[in-house]
Each structure stands twice: as structure tokens, then as C-alpha cells.
Amino acid sequence: MGGPETVAARPVRAADELPELPEATKGKVVLRLAPFPSGALHIGNARMVFLNDYYRRRYDGRLLLVFDDTVGSEEKRVDSELFGVIQEDLRRCGVDVDGVLYKSDRLATHYQWAERVIALGATYVCVCPSELLQANRRAGVACPERTETIEETQALWKRMLSGEFAPGEAVLRLKTDLQGPDPAFRDRVLFRISDLDHPRVGHRWRVWPLLEFSWAVDDIELGITHVLRGKDLVMEDRMERHVWDLLGIRGPPFLHWGLLRVREAKISKSKSYVEVKSGVYDGWADPRTWSLASLVRRGITVDSMRSFTMSFGLSLADIEVPAETLYAENRTRIDPIARRRMFAADPVTLQVEGFPADLISVTLPNHPERQELGDRTLPLSGSFLLARSDVVAHAGETIRLKDLANVELPATIPDSGPVAGTFAGRENRRVPRLQWIPEGHSVSVDLLDLQGQHLVGVAEAALRDAAPGEVLQFERFGFVRTEDDWTPRSSPVRVCYGHP
RNA sequence: GCUCCCGUAGUCUAGUCCGGUCAAGGAUAUCGGGCCUUCGACCCGACAACGCGGGUUCGAAUCCCGCCGGGAGCACCA
């Protein structure tokens, strides 16, 4: 025992496939997903979700959702709202679980195991203040209680359970090598006392296991065959193995992956929590959370998220990937199906002098390559709405109203009121093409951007044809998705920005 | 400081276990060209990498040693 011999993934495999799980038998694999219910699943959690799901499918195995809701701490509180949110996240991501369990239901079992290791003399009840405990750990010095007998430990443990100690006054610690080279591994705490109110079980328990011990118990009790977890938890492997070695148990192998960060996503679970709870953020699907739900809201398909995540495999390197990589993945999926619409943010009216009076409408395809997606007809009058930034950027130039006509723009653009342009023919010229909306036939649009700001703009009336949750492309602007709770009858049309 | 993990092009990744088929494959980005009436898509092309130093070997991205760099842990959080 000792060294954290992370099980190496078998590289024997076909192209595009992840390594085999060691000692895995089809139909017999049991995996577990163990989120802490303090926030929605976000892009950083995606590996945990999709890798476990991948192997469950590959081996026709079972996947348990086990909420890691030991009581937490003042800073990390369990919030019962998240039990439902997380399950909904998984459902939305097409991840089926074969059972939902709660750590907080399993304390009696954890206690039984505690008694087994206590009876082995492998533990002691330590009453040092935590600062002293930590100082001794660093120094490799034993606390006085370390020499207590099994009987004394058993008695103290009973007193912990019966409520004779206040939080912080006593903990159950595992005896490891105090001279061991890794200070992090010396005599770790197995159980501590907490008075925090638990949203599911209230104050029923005061003595709570720490994550490592609870998993040493539950990975065995639940018959988990492979533990797939982030590499931030490698020391927990050692702890679990240490406990199993004590009891002569052969536990499951562990596989890890490194930390995945998306460059643009500065994820702070605690900040998100505060902002969502206070209403500053628009729920757990606010784009600023980078939650999986928020990505769905932005029109990023689950399939895109899955292949994005899986492309990193089981690499142990900590990586930072630009969001563009995810967007590129998504574009391959949505570009062929997204209907095109024209949108103008902060619109300005352009009145085109000399616009042909007989040109009363134009019919444009909904998609440049796929005729089967249909078309729409825009009525024309010579008066158009364009994005102010476009008009300003091309002042004094000849531009082309995309798919329609060329227009000379004046050299100066007034701060308010209409802009007067001059018709310059309909032939297809290689000049900047700007999207436009016929005035009098527009719908207003409320676009939620990635900073949580609402952008106001206009779009062509055909945008009303969109279904809630439809992914569209605003030409020269980017992909958007209509909000789920928007209805075609209501105004403005509400969309969430996706990506370029 | 101690422990562990990681180090292939700008960013990811395949290959490393079992050395030769790797004068290193793919994706993405960037640049150039083509095409479609989008700043989007598609097609073609280009650029670009084995952290450094020793060693073993006929042969090293792959094995060994040393170093350097990055990350994580050293919580009565998960």
C-alpha cells in the first residue's frame, strides 16, 4: 500500500475510443456520480458527468447518483434546492441514472464501519483544538490521545455520539504514519461533530463522516466497481485504500482526469450561488454561471458538450481550453439546421431615396444551402432598419442591403432621426453586405448576452415563426436560441445569445 | 517546505505501458486562396510541437537518471 498508484487506463483500443476500464465486465460495471449539492452542474463538472455516462453505456452498466451531502461546512452548505436542479441537469443532458441515493441517509452504516476500524485500534478520538492538530500534523508529532486504548477510544466515540462534545471538541482520527513523507496524509480526520442544520435530515446526526471515509464505506456497500473522479481527489483514493487494507477488503480501482477549465468561464460556484439566490442572476441557467443548463439555453447541444468533453479523454493534465473550441464543435451541429434571420441591435432608420417603387417584396431562403428549410417573404417600402454600428462604420460608403440592393450612405450619420441613403442599383456588387429589416414589419427583440445584459433590437417579422427553444442564426451576428418560456404571441421576442 | 500529478505546435489531443511502420496523426486557432449575396458554412493550401541535459540502444516522443516549468494536496470542505 502507500503510494497513490492511480490505475493506468488501458490504451488498448480502437481509434476514437477511450481506454478500457480495468477489469471491467460488460453488464457488471457499477459507477457513481457524486455531486455536492451546492450549485448546478457546470462546464467544469461535465467530465464527471459525461465520462461516467460514457462508461456506463459502454459496459451496459449501472450509474448511481449519490448526493455527497454530508453536512459540509459554513462555507459549503448543502442546499436542498440543488437535489432537484442537479437531477434536472442530468435529465436534460440525457444522462440516465439507475438510482438516487443520499449520503445523509447512510450515517448508520458509516457508524458501523467506524466501530469496525475502532475495534482494530486503527483510530483514536482526538480532542486537540484544530490549530494544534494541524500544527502537530505538520511537525509529525503525535497528539496525547494517540496512545489511548481501544476501549478508551470506544468510550470516547460513544460520548461523541451521545452529544457530550460540542462541535470542534472531538474528532475520530485514523492512525497513519506520522513520519510519513506526505504531511497531507498524516492521521486524517474520519468523523467530526457538526451542529449545522441539514436540509434533509435536520439535526438527526451530529457526528458526520468526512468524504474519504464515507466513500471508503459506500464504494464497498454500494458495490461500486470503478471510481471515476477528478484528480483533485487522488488523496482520497489513498485514504479509501488504507481503510480497505485495514479491513482486508479489495476495493474498486480509481481512474482520474485533470481539471478542465474553459478560458472565458471564470466559474465560481460560491459566487454563482449567492447571485442566483439573491436574484441578481437569472436562475441557474444564467449565462454567467456557465452551467450545463445555461449552455443548453444558449443553443449549445448536449451532443456538442459531450464530444467537447470527451475529446480530452482521461488526460491527467490540467487544461484550459478556449470556449471557441466548444463553439466550433457546436457550429458543426447547428449551422446546418439553424434558420437564418436578420437582426439589428440599436437600430437606425435608413430611408433610401430612389428605391424602386415596384419592388414591393423579396423572398429569401431560410438557409443558404438547404432549400428544404423553406423561405420567407419580406415586404419592402424603401425604408429599413439597420444596426447603428453598421451604418456608422460604413458612413460615406456604398453598402449592400444583403440579398437586395446597393445603397450609398451619407458621410455623416445623425445622432437621432432617420438616415438618408441613395439607391445605387440592384446588381450584386462586392461591397459590405449589411443585414436589414423592413421598417413597419419588424418585431422587437430582447437578447440576453453572456454578461447577463439585455440588448434591445429588432428583427424581421418572420422571427415570430420560431418555436420556443429554437436555435437560429442572426446573420452577421451569431447564433441565438429563443427562450423556452417565450411564446410566439408575446413581444418582444426573447432570445439568448449563443456564440459566433 | 513536504507529497503527488502533469509537461507533444497558440490551444487541446493521438502516439509513451510492449523503442523502429512517427522525417509525429487529428481538432481548433491563425494566415493565404476558392465558393455561396453573412463577420457564418463549405472546399483547398500554409504555418506550427516531442520542456532541457545526460545515459542505454544499431535506433528514443517512447526506457533510465538529473534538472526546469506548471498544477493539486498538506481543512474538524467536498
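Look a little higher up for the structure.
Anyway, here's the lowdown on the structure attached to this text. (Residues numbered from 1 in each chain as written. Chains lettered and ligands numbered in written order. Predicted model: local features only at pLDDT ≥ 70, side-chain atom pairs only at ≥ 80, totals over all residues. Heavy atoms only, no water.)

Some thoughts on the packing of aromatic side chains
- Counted by the stated rule, this structure contains 20 aromatic pairs.
- An angle of 10° between the planes, with centres 5.9 Å apart, marks the rings of tryptophan 244 and phenylalanine 254 as stacked. Here the residue tryptophan 244 occupies a position in helix 7 (residues 234-247), and phenylalanine 254 occupies one in strand 9 (residues 254-257), the gap between them amounting to 10 residues. As far as the burial class goes, tryptophan 244 and phenylalanine 254 line up, both buried.
- Three or more aromatic residues joined by ring pairs form one cluster here, namely Tyr111, Trp157, Phe191, Trp205 and Phe213.
- The aromatic ring of tyrosine 102 is capped on one face by arginine 200, whose charged end is 3.7 Å from the ring centroid.
- For the cation-ring pair, arginine 298 lies above tryptophan 290, with the distance from its terminal atom to the ring centre recorded as 5.0 Å. (Phe/Tyr/Trp six-rings, centres within 6.5 Å; stacked < 30°, edge-to-face > 60°. Helix = DSSP H or I, 4+ residues; strand = E, 2+ residues; numbered from the N terminus. Buried < 20%, exposed > 50% of the residue type's maximum accessible area, 1.4 Å probe, protein only. Lys NZ or Arg CZ within 6 Å of the ring centre and 35° of its normal.)

Focus: helix 11 (residues 323-334)
- Under the 1.5 Å per step criterion, the end-to-end length of helix 11 is 16 Å for 12 residues, consistent within 8% with the ideal 16 Å.
- Every buried residue belonging to helix 11 is among Ala323, Leu326, Tyr327, Asn330 and Ile334, and all of these are buried. Across the axial projection of helix 11, the buried residues extend over an arc of 95°, all falling on one side. (Expected span 1.5 Å × (residues − 1). Arc of directions from axis to C-beta.)

Digging into the sheet that holds strand 6 (residues 189-193)
- Pairing within the open sheet is antiparallel, and its 4 strands lie in the order 4-5-6-7. If you trace the sheet from one side to the other, it starts and ends with strand 4 (123-126) and strand 7 (207-209), each paired once. Neighbour-to-neighbour, the strand axes of the sheet open up by a mean angle of 20°, direction not taken into account.
- As judged from the 2 bridges shared by strand 5 (residues 171-174) and strand 6, these two strands associate in the antiparallel manner. Of the residues in strand 6, the one forming a bridge with arginine 173 is valine 189.
- Packing against the sheet, helix 5 (residues 150-161) makes contact with strand 4, strand 5, strand 6 and strand 7, and its axis sits at approximately 50° to strand 4. (Pairing = 2+ DSSP bridges. Axes fitted to C-alpha atoms, helices over the stretch in contact; angles between N-to-C directions. Contact = heavy atoms within 4.5 Å.)

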